[in-house]
Amino acid sequence: MDAPGAGYAFEYLIETLNDSSHKKFFNVPRLGGTKYDVLPYSIRVLLEAAVRNCDGFLMKKEDVMNILDWKTKQSNVEVPFFPARVLLQDFTGIPAMVDFAAMREAVKILGGDPKKVHPACPTDLTVDHSLQIDFSKCAIQNAPNPGGGDLQKAGRLSPLRAQPKKLPCRGQTTCRGSCDSGELGRNSGKLSSQIENTPILCPFHLQPVPEPETVLKNQEVEFGRNRERLQFFKWSSRVFKNVAVIPPGTGMAHQVNLEYLSRVVFEEDDFLFPDSVVGTDSHITMVNGLGILGWGVGGIETEAVMLGLPVSLTLPEVVGCELTGSSNPFVTSIDVVLGITKHLRQVGVAGKFVEFFGSGVSQLSIVDRTTIANMCPEYGAILSFFPVDNVTLKHLEHTGFDKAKLESMETYLKAVKLFRHDQDNSGEPMYSQVIRIHLNSIVASVSGPKRSQDRVAVTDMKRDFQACLNEKVGFKGFQIAAEKQKENVSIHYEGSEYQLSHGSVVMAAVTSCTNNCNPSVMLAAGLLAKKAVDAGLQVKPYIRTSLSPGSGMVTHYLSSSGVLPYLSQLGFEIVGYGCSTCVGNTAPVSEAVLNAVKQGDLVTCGVLSGNKNFEGRLCDCVRANYLASPPLVVAYAIAGTVNIDFQTEPLGTDATGKSIYLQDIWPSREEVHQMEEERVVLSMFKALKEKMEMGNKRWNSLEAPDSVLFPWDLKSTYIRCPSFFDKLTKEPVALQPIENAHVLLYLGDSVTTDHISPAGSIARSSAAAKYLTNRGLTPREFNSYGARRGNDAVMTRGTFANIKLFNKFLGKPAPKTIHFPSGQTLDVFEAAELYQKEGVPLIILAGKKYGSGNSRDWAAKGPYLLGVKAVLAESYEKIHKDHLIGIGIAPLQFLPGENADSLGLSGRETFSLAFPEELSPGVTLTIKTNTGKVFSAIASFENDVEVTLYKHGGLLNFVARKFS
């Protein structure tokens, strides 16, 4: 029997799991002896994959031995890695699948067989990023944005009337029982234990009620708005082998990956091997908390894996993070996450693996671990790995794993020494570096007001916000004059008068990112809401509140625990499942608030439980954005301001006028854990799996073609055959010099992929809006950039369209640049279009950390289609640099200690450079300007594979030629 993969060079390592089993595996420890025993667990997974896939071509014996010799070879060699599977989400997954469809066209034109173009490994695509909040609080907030498709024909939505202030069942408005607040205590013990795919029961009367109207309405709009994209996804699942699509309304990519798709140990043709995954979402790393090696890569690299090619990476350093002690009683898992994030960021783990060990690891539940692992992109690590241990096995047992499968899993993991034992500290692996974190040193905190790395202790929040008002405009400051800092503006809203001031909260969102894998923090938010409602506290109605869980599982345990009605009564009603506020898909605040903000030039705030808070991400009028744990999001919403000291200032008063402080309603750790044990029932994972396998009626009834080639609709504004293959030849041409290139943009430090390729709404004055308008669409039908990533014409026009983009040519934030031959200030796309008509190549000048933030392949594809040939920066986010190479843009790097300023570059020069015939990794190039300046820069290719891809004009061309 042949092993999966190749593995022919190491067939002698194949063994049977035990005497009575037919299951086999590669006993990799036999290969290395003591060398293997000191390898970090994460490196052992890389080694097993190398042994299993060693074919002497894509994976050589030399690669296997390099991994085995990790101690001496780390950071010095490149190694291939074959992950077991691939995960896509729709925003970044649709361009990957569109590229596959376009590649079929290209292969056919070059004389190849398009049927050969399909993923070579299991590929799952979750439709989770297209959700927008059109309805919330059981009332339509703004007119629905119908977008494309047949929504206007199929559905006639009418605005819902606002619900009365006194809600029956404290939010369960459709319960048929006789409800009043007095029945709360009498029926609190009769909470439902139904599963999410059955009708929701009123927790007070155990009578069925329909699914929340907001969810159904938002799903209805989503299916109409994104019909073309959904039909394309369904076509993909039919014609491409190994492709499975998780339909809308099920959950988000990394959540579904954790709850449903993860195997921990793969079993293929009776061979056992570790589960591993790469995908087009930077939060793939969440599964490392479950002992599954995985990280986010670019859509282009993901396509290569889908076509049977390995991911290439520098054999990483592995930082051992020893956790000791236990966290303080009032610190949430998110505080632990942010504390570890800050510590690791300060230590510097960029481009490295992090692996956790020590006595403190056993104090963390799987949900705690997955939350920590999910945040690793924030401190720059490739991944953060928690090896499988007894806590992992217990979790898997609770989530419905078959007992026999668990037994074979444990036996296998112990046989290959991938199982971590608590008691044997002497057996810990050797690490590149060891850092120690005492969990009891971590305090409650939030992050903001502009960057996720700027952590603020909750006890220092008021002082820090005041400091931000005083500081000059920058990463934290707003520079508000002292005499204006006490400014108050009155607003009239729903018949009442309120006061807005600096620090007022106008948006509060418990979002899907990061937190919803951890029931404890969500239940803490619900318990806090319950205590707040019981104390008579309320959230001001003008605050835009929402609750967007990662999956139906979250709805289930919030409902079955009885806290969902309290969240609803405070305005945190479920609006749908998927990324919404976190990626900028939120309805705007009210006109009354907007006018007040403008009148007083107020620094108003958004508080959300996601993991990104870059400027302009939520709403233009929300200048300060704070990341916080779900219970703190609810607390700040009740307070109505971030300019508060929770220790000394009350949230409000009860009916008797007594002051209510946060400590009065903050749930204890014991309360949260008790509810988690009693209400987060063990069967919910099984039920979630059943729901996913059943799909939903809208998805099941959706029509889609099944032809070998996708029938492109030339009128479509959602799905378009991209132009990447237009000039494809059977053989690559010689590298061409870049001559007399103009600088399209002169950028500073920390330019994010949000700046380069926005994912939120399409501004009415943008180049993309003009394109859509010319095709007969109204602004209500524009949808978002993320939803239109299958249309290269829209995405090219959306490149560098972020209103917060700071171009040094202009000296102010604006999505514009200067076309130097004419001297005109134009939209970036319009300037690039002129340059292309003139035959002028383009480059981009940038500072440090160019391309930071979420993995986003259009942040490379867009500049490529604008005509950008190279980026010259001080440093790069690795994933984005990989994207640039994968699309055919040269990533150039200033020499250490140099930058555009130190070299006296204005960006108004033209630049010329040539590539040597024998281009090699890290080669130094000479760049000349038309002003006579000559300087050197590094071609930031890390290995021969990247050089080969660049010579082919990018990964897509390279792969297409393989099939021709």
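So, here's what we can say about the structure. Starting from 1, residues in each chain are numbered consecutively following that chain's sequence as written. Reporting of local features is limited, given that this is a predicted model, to residues whose pLDDT is at least 70; pairs of side-chain atoms are given and counted only at 80 or more, and all residues count toward the totals for whole chains, interfaces and linings. As a rule here, side-chain values come from all non-hydrogen atoms in the structure, and water together with hydrogens is ignored.

### Brief notes about the packing of helix H31 (residues 858-866) against helix H32 (residues 878-887)
Link 1 in the chain: Here, axes are lines fitted to C-alpha atoms. For helices the fit covers the stretch in contact, and angles between N-to-C directions go from 0 to 180 degrees. A helix here means a DSSP run of H or I that spans at least four residues, while a strand means a run of E at least two residues long, and both kinds are numbered starting from the N terminus. Remark: H31 packs on H32, axes separated minimally by 8 Å, with the N-to-C direction vectors making an angle of 40°. In terms of orientation, H31 lies oblique with respect to H32. Where H31 crosses over H32, the two elements pack in a sense that is right-handed. Packed against H31, whose contacting residues are Ala859, Ala860, Lys861 and Tyr864, the element H32 presents His880, His883, Leu884 and Ile887 at the interface.
Link 2 in the chain: Here the term charged refers only to Asp, Glu, Lys and Arg, the term nonpolar to Ala, Val, Leu, Ile, Met, Phe, Trp, Tyr, Cys and Pro, and the term polar to all other amino acids, Gly among them. Grouping the constituent residues of the contact of H31 with H32 by class yields five nonpolar, two polar and one charged. Angles are sorted into four bins: roughly parallel if under 35 degrees, roughly antiparallel if over 145, roughly perpendicular if 65 to 115, and oblique for all others. Take the far helix as the reference: if the near one is turned anticlockwise from it by less than a right angle, the crossing is left-handed, and if turned clockwise, right-handed. By definition in these notes, contact holds between two residues if any of their heavy atoms fall within 4.5 Å.

### Considerations on the nonpolar core
Link 1 in the chain: Residue types Ala, Val, Leu, Ile, Met, Phe, Trp, Tyr and Cys, when buried and joined through side-chain atoms within 4.5 Å, form a set referred to as a nonpolar core. Categorising residues by exposure relies on relative accessible area from a 1.4 Å probe, with only protein chains included: less than 20% of the type maximum marks a residue as buried, more than 50% marks it as exposed, and the intermediate range marks it as partly exposed. Core analysis: the biggest nonpolar cluster contains 192 residues, and Phe232, Trp295, Phe353, Leu744, Phe800 and Tyr850 have the highest contact counts within it.
Link 2 in the chain: With ten residues, the top contributor of residues to this core is helix H6 (residues 90-109).
Link 3 in the chain: Ignoring any residue separated from it by four or fewer positions in sequence, one finds Tyr850 in contact with Leu747, Val751, Ile756, Phe800, Ile844, Val871, Ala873, Ser875, Tyr876, Glu877 and His880.

### A short note on the environment of Gly897
Link 1 in the chain: Note on placement: Gly897 falls in the loop between strand E37 (890-894) and strand E38 (911-913).
Link 2 in the chain: The exposed category is assigned to Gly897, whose relative accessible area is 80%.
Link 3 in the chain: Measuring from C-alpha to C-alpha, the distance between Gly897 and Glu874 comes to 8.7 Å, with 23 residues separating the pair along the chain.

### A few points about helix H15 (residues 390-398)
Link 1 in the chain: Restricting attention to buried positions, one finds in H15 the residues Thr392, Leu393 and Leu396. Down the axis of H15, the sector holding all buried residues measures 95°, keeping them to one side. The outward face of H15, more than 90 degrees from its buried face, is lined by the exposed residues Lys394 and Glu397.
Link 2 in the chain: Contact partners of the buried residues in H15: helix H14 (366-374) and helix H16 (403-415).
Link 3 in the chain: One side-chain oxygen at the N-terminal end of H15 lies 3.1 Å from the backbone nitrogen of Val391; it belongs to Asp389.
Link 4 in the chain: Of the residues flanking the end of H15, it is Gly400, one or two places downstream, whose phi is positive at about 100°. Regarding the arc, it is the one traced by the directions from the helix axis to the C-beta atoms. Polar contacts, as counted here, are pairs of nitrogen or oxygen atoms within 3.5 Å of one another; within protein the pair requires one atom able to donate a hydrogen and one able to accept it, and residues that are adjacent in sequence qualify only if both atoms are side-chain atoms.

### A word on the sheet that holds strand E5 (residues 123-126)
Pairing between the strands of a sheet comes from backbone hydrogen bonds, and it takes one of two forms, parallel or antiparallel.
Link 1 in the chain: Strands qualify as paired when DSSP identifies two bridges or more between them. Reading across the sheet, the five strands line up as E10-E5-E4-E13-E14 and stay open at both edges, with parallel pairing between neighbours. The sheet is open, and its two borders are formed by strand E10 (243-246) and strand E14 (293-296), each paired with just one other strand. Between one strand and the next, the sheet's axes are offset by a mean angle of 20°, whatever the strand orientation.
Link 2 in the chain: Pairing between strand E13 (residues 276-279) and E14: four bridges, direction parallel. Directly across from Ser276, in E14, lies its bridge partner Leu293.

### Some thoughts on the packing of H15 against H16
The axes of two packed helices give the description: the angle between them and the distance between them.
Link 1 in the chain: At a closest axis distance of 11 Å, the pairing of H15 and H16 adopts a crossing angle of 165°. Between H15 and H16, the crossing angle belongs to the class labelled roughly antiparallel. Taken as a pair, H15 and H16 cross one another with a handedness that is right-handed. Residue-level contacts link Leu393, Leu396 and Glu397 of H15 to Leu406, Met409 and Glu410 of H16.
Link 2 in the chain: Its residues placed into classes, the contact of H15 with H16 shows four nonpolar, no polar and two charged.

### Description of the sheet that holds strand E16 (residues 318-324)
Link 1 in the chain: Sheet architecture is open: four strands sit in the order E18-E17-E16-E19, paired in parallel fashion. Each edge of the sheet is formed by a strand with only one pairing partner; in this case those strands are strand E18 (383-385) and strand E19 (433-438). When strand polarity is set aside, the average angle formed by the axes of neighbouring strands in this sheet is 25°.
Link 2 in the chain: Of the pairings in the sheet, the one linking E16 to strand E17 (residues 353-357) comprises five bridges and is parallel in character. The residue bridging Val318 from the neighbouring strand is Phe353, located in E17.
Link 3 in the chain: Sheet contacts for helix H3 (residues 41-52): E16, E17 and E18; angle to E17, the most-contacted strand, approximately 125°.

### Structural notes on unusual backbone geometry
Link 1 in the chain: Following Gly448, the chain continues into Pro449 via a peptide bond in cis, with omega recorded as 10°.
Link 2 in the chain: You can see Pro449 is positioned in the loop between strand E20 (445-447) and strand E21 (455-457).
Link 3 in the chain: Backbone geometry at Val264 places phi at a positive 70°, although glycine is not the residue there.
Link 4 in the chain: Relative to the elements of secondary structure, Val264 occurs in the loop between helix H11 (253-261) and strand E11 (265-268).
Link 5 in the chain: In this structure Val264 comes out as buried when scored by relative accessible area, which is 2%.
Link 6 in the chain: Here the phi dihedral of Lys849 falls at roughly 55°; this positive angle occurs in a residue that is not glycine.
Link 7 in the chain: Topologically, Lys849 is positioned in the loop between strand E35 (842-845) and H31.

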